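# Residue-level structure breakdown
Single-letter residue listing:
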Amino acid sequence: MNGLRQEMNAARDKLFKYSILSILILAIPAIVFSLIQIIKYGFDINYVLFCSMFILISAIFLLRNKLSIILKSHIVGSLFLISGFIGNLFFGFSGGHFLCLIGIAIITVLYGKKLGIIYSIIALLGYIFIEYIILNNLFVREIDFNAFNANFISWIYALFTIFITAIILISSINYINKAFISLVKKLDKNNIELNILNSSYKDVFVKVEESERKYKAIFQTLNEGVILTDQEGNIIDCNKATEDILGASKSDLLSVNLHSKNFSFIYPNLSPVPDEECPGVKTLEKGVSISGFEVGLQQEDQIKWISLSSEPLKIEGYGVFLTLHDLTQKKKMEQEQVVFNRYFEAFLEHITDYVIFKDINGKIVFCSQSLAQLTGYSSWKNLIGKNYSDILPEESALQYESEDKIILSTGKRLEGKVNMFLGNDSEIRYEQTNKVPLLDEDMNVVGIISISRDITDLKREKDLIEEQEEKFNLILNSTAEGIYGLDLNGNCTFVNQSCIEMLGYSKGEELLGQNMHNLIHHSNANGEPISQYDCNINHTLQHGEEMSSDKEVFWKKDGTSLPVEYFSYLQINEGKIVGAVVTFLDITERKERSKQIINSTKKLQKLNSDKDKFIRILAHDLKNPFNSIIGFSEYIIDNLEEIDKNTIKEFTSIINESSENAYQLLEEILLWLKVQSGKLSVEKKEVELRQIVLNVIEGLKTNAQTKDIKLSCSIPESVYIESDINMLKTILRNLINNSIKFTDEKGEIEVKMEEKEDKINIIVSDNGVGMSKEEASRIFTNDSYQTKEGTNGEKGTGLGLTIIKDLVQSHDETIWAESEIGKGSDFIFTMPKAEHKN
């Protein structure tokens, strides 16, 4: 609509401009005529008025932009009427009527029929008045109209006036017509747009309702309290934050009138706030806005500080819009900031380190009093705004500024930088500096914090300690013992070179800081874990007792164990245990020598046992057969004439049997001695087992037949083993003989086998008297030397089973017995399986 109104005004303005120009054009001939008359006949008031009116119209045209549209429209209408009146009054030609009609038409088109009627009445009255003064000779026209009309120029002028008037009328109406057509089109377009806007309005209305709901939700969730009042000061709405801040329910607050309710507010100086000074009341009464009015509200044991703002609502039915902001936490933070500032100033006043806070331009913002004293100032506040070059020697200032430039460009910290500087007494001293960049929210460097500490004394002590450590390390690394230190947590604090080398490491850094129990002392040699509680070295740390051991191992870097003898000693500083020192020796060679000694001892013990066994055999078993031989042979010799042949046969049979037993015993002793001396070598060959067993059984049939015992072999053909043939036969012969000895008459002895992966279990099984499981488990042990009589009183040497065990073990195989009393025994030994190749 504003656009249409502007276009309408623009059309009116153009019409005004063209109308004024038209009047000026129409007036030009009259002005020229008036000037001629004045020149010809001298001064005449009528012609002077014409000229003055022309000048006035010209001035109006020039000042048109400073006049309002309505004023300009009235001027146009009035000028046309006046022009018509003058033309009719002086000249009496009909063009004046046309000019009046044009003025009425223009004003009617621009501002409606009401003004058109008014201007028509004015024109009618004007013409009546002119006619009256003419008829009553109150005004006499000096122009002879017959002569005027007879003049061709007068006709031209009249036609010109009519023509111009017609053009003005036609142009004005045409222009206004076009303007109105354009406006109608735009109105149609705007009508469509209004329909669209109307539809949009409905959507907007829905959205407004939704926004209202959201507003109410936001209104209730605001952190700031909000209060609305009516024009009388009655609270008509408030949010949840208001209830929390004022400590009152919404129902209580909605019954409050700001004029009558006093919340007992106090100023920050704790004096009461008068009711008339409260922002809500003041805004209601005076209509002024108040912002950030700070008051306190006493609640229980604390004061809640609130910032009040009030704004007059220039909406009918509403009074004041109040906002409440809880400042309690802010006040607390401000108080904390004050305390912090006091602490910070105390920190700057008393810290001995040189502390500097600098901005991005290198100017000091804060610094410590110690820096002021170093640079010759009485107070650190005197250094604020200065830079390095203002307070330090040129060389030092350039050095510090170059450090700052790197930090400002990279944003990286500077840590542990050691610089030299001159003290107050011109003594060369040392400081260690740390510099940290200050960053803003966008991580841009906005300043630097520099903290420097005088480390001159510390450096001297460090140099002294390093010198002492060098001497200590020289001593430490010159010893052959491994040495390492522990702190109270068992972590390594130092190591010597021998320790590093013995444990298989290349450098001490691999051990420093490591928990040595977990690294090198976690398990015994057999892999059994050693707990921290059971560790002797940790016992030293925990209980203050020095410990030692030569039964444990340390574990090397490559995972192998190292037999050691170690000693753990306490480290005590100022009466307190601060750690331990462990020294150790590699006792691998000592362990080997100890093993050799133990093995030699065992061999000597066995030889001694064998010697005792041998002497016992000689003293008892070998003596008995010879006693029988000597006794019966002497009896025969002494009584040869008196005894008969049967007695001689009986005694010689006894002598023969004793001789055979003695011979067998001597054979077994010789074989046993060969085995014990190691002179009996094992020559393994691939042999077919069944044939060897049958061969041995064939040689023992006579012995078995004396007790009517059945010997059998269930070993299948083509079973091959790797064994020494003679030793295998000796093993089988002794085992079968032993079974014959302890099997009753008509018993059975079977030689069989079991196949176990790459081994063959050879079993000599009998159904003899058997033995207990305990006897069976001890029968092939070193301390098992016993001899028992057989089921028919057969004697034995006790060497048979010992020889069997040694022969089996010489093949790196095993032998054992399984037996049950009264059910017989199984003697089992293993031999390696062989594939038949030939």
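Only a predicted model underlies this, so the values are computations on that prediction, with no experimental measurement involved.

## Some thoughts on the nonpolar core
- Core analysis: the largest hydrophobic core is formed by 41 residues, its most contacted members being Leu-711, Leu-728, Leu-732, Ile-736, Ile-762 and Phe-829.
- Breaking this core down by element, the ones donating at least two residues are helix 22 (689-705), strand 18 (710-713), helix 23 (725-741), strand 20 (748-756), strand 21 (759-766), helix 25 (800-810), strand 22 (815-820) and strand 23 (824-832).
- Apart from the residues within four sequence positions on either side, Ile-762 is in contact with Leu-689, Ile-721, Leu-728, Leu-732, Val-751, Lys-752, Phe-827, Ile-828, Phe-829 and Met-831.

## A word on the packing of helix 23 against helix 25
- The contact between helix 23 and helix 25 brings their axes to 9 Å, and the two run at 145°. Relative to helix 25, the crossing made by helix 23 is left-handed. For the pair helix 23 and helix 25, contact is made by Met-727, Thr-730, Ile-731, Asn-734, Leu-735 and Asn-738 and by Gly-800, Leu-801, Ile-804, Leu-807, Val-808 and Ser-810, respectively.
- Taken together, the residues of the contact of helix 23 with helix 25 sort by class into 7 nonpolar, 5 polar and no charged.

## Some points on the packing of helix 22 against helix 23
- In the contact formed by helix 22 and helix 23, the axes pass within 10 Å of each other and the chain directions differ by 40°. Between helix 22 and helix 23, the crossing angle belongs to the class labelled oblique. As for the relative orientation of helix 22 and helix 23, their crossing is right-handed in sense. Each of Leu-689, Ile-692, Val-693, Asn-695, Val-696, Ile-697, Leu-700, Asn-703 and Ala-704 in helix 22 lies in contact with helix 23, whose residues at this interface are Ile-725, Leu-728, Lys-729, Leu-732, Arg-733, Ile-736, Asn-737 and Ile-740.
- Looking at the contact of helix 22 with helix 23, its residues break down into 12 nonpolar, 3 polar and 2 charged.

## Describing the environment of Thr-433
- The topology assignment puts Thr-433 in strand 10 (residues 428-439).
- Separated by 78 residues in the primary sequence, Thr-433 and Val-355 have C-alpha atoms spaced 9.7 Å apart.
- For Thr-433, the contacting residues outside a window of four places in its chain are Leu-414, Glu-415, Gly-416, Lys-417, Asn-419, Ser-450, Ile-451 and Ser-452.

## Thoughts on the pairing of strand 18
- Here strand 18 shows a buried face lined by Leu-711 and Cys-713 and an unburied face lined by Lys-710 and Ser-712.
- Direction of pairing for strand 18 relative to strand 20: parallel, over a ladder of 4 bridges. The residue of strand 20 that forms the bridge with Lys-710 is Glu-748.

## Considerations on the sheet that holds strand 12 (residues 482-486)
- Read across the open sheet, the 5 strands follow the order 13-12-16-15-14; overall the sheet is antiparallel. Bordering the open sheet on either side are strand 13 (492-495) and strand 14 (547-555), each of which pairs with just one other strand. Neighbour-to-neighbour, the strand axes of this sheet turn through a mean angle of 30°, independent of strand direction.
- As judged from the 3 bridges shared by strand 12 and strand 13, these two strands associate in the antiparallel manner. Residue pairing in the sheet places Gly-485 in a bridge with Phe-494 of strand 13.

## Some remarks on the packing of aromatic side chains
- On inspection of all chains with the given rule, the structure shows 14 aromatic pairs.
- Between the aromatic rings of Tyr-388 and Tyr-400, the centroid separation amounts to 5.4 Å while the plane-to-plane angle is 50°, which identifies the pairing as tilted. Highlighted residues: Tyr-388 in helix 13 (residues 388-391) and Tyr-400 in helix 14 (residues 394-410), separated in sequence by 12 residues.
- The aromatic ring of Tyr-430 is capped on one face by Lys-459, whose charged end is 4.7 Å from the ring centroid.

## Details of unusual backbone geometry
- Unusually for a residue other than glycine, Met-443 sits at a positive phi of about 65°.
- The residue Met-443 is located in the loop between strand 10 and strand 11 (445-454) in this model.
- One non-glycine residue with positive phi stands out, namely Glu-757, at about 50°.
- Tracing the backbone shows Glu-757 in the loop between strand 20 and strand 21.

## Things to note about the side chain of Thr-433
- Taking the relative accessible area as the measure of exposure, Thr-433 reaches 1% and is therefore buried.
- A distance of 2.8 Å separates a polar atom in the side chain of Thr-433 from a polar atom in the side chain of Ser-452.

## Observations regarding the side chain of Thr-375
- When you line up the elements, Thr-375 lands in the loop between helix 12 (369-374) and helix 13.
- For Thr-375, a relative accessible area of 17% gives the class buried.
- Beyond its immediate chain neighbours, meaning those up to four positions away, Thr-375 contacts Leu-383, Ile-391 and Leu-392.

## Topic: the pattern of salt bridges
- Applying the stated criterion to the full structure yields 22 salt bridges.
- Between Arg-460 and Asp-457 there is a salt bridge; the shortest N-O distance is 3.7 Å. Placement of both Arg-460 and Asp-457 in helix 15 (residues 456-476) is noted, with a separation of 3 residues, approximately one turn of the helix.
- Exposure remark for Asp-457: the relative accessible area of 46% places this residue in the partly exposed category.
- Here the residues in one salt-bridge network are Lys-358, Glu-403, Asp-404, Lys-417 and Lys-435, joined through shared partners.

What counts, and where the lines are drawn
Residues numbered from 1 in each chain as written. Predicted model: local features only at pLDDT ≥ 70, side-chain atom pairs only at ≥ 80, totals over all residues. Heavy atoms only, no water. Core = buried A, V, L, I, M, F, W, Y, C linked by side-chain atoms within 4.5 Å. Buried < 20%, exposed > 50% of the residue type's maximum accessible area, 1.4 Å probe, protein only. Helix = DSSP H or I, 4+ residues; strand = E, 2+ residues; numbered from the N terminus. Contact = heavy atoms within 4.5 Å. Axes fitted to C-alpha atoms, helices over the stretch in contact; angles between N-to-C directions. Left-handed = near helix turned anticlockwise from the far one by under 90°. Nonpolar A, V, L, I, M, F, W, Y, C, P; charged D, E, K, R; others polar. Parallel < 35°, antiparallel > 145°, perpendicular 65-115°, else oblique. Pairing = 2+ DSSP bridges. Phe/Tyr/Trp six-rings, centres within 6.5 Å; stacked < 30°, edge-to-face > 60°. Lys NZ or Arg CZ within 6 Å of the ring centre and 35° of its normal. Polar contact = N/O pair within 3.5 Å; in protein donor to acceptor, adjacent residues only side chain to side chain. Salt bridge = Lys/Arg side-chain N within 4 Å of Asp/Glu carboxyl O.

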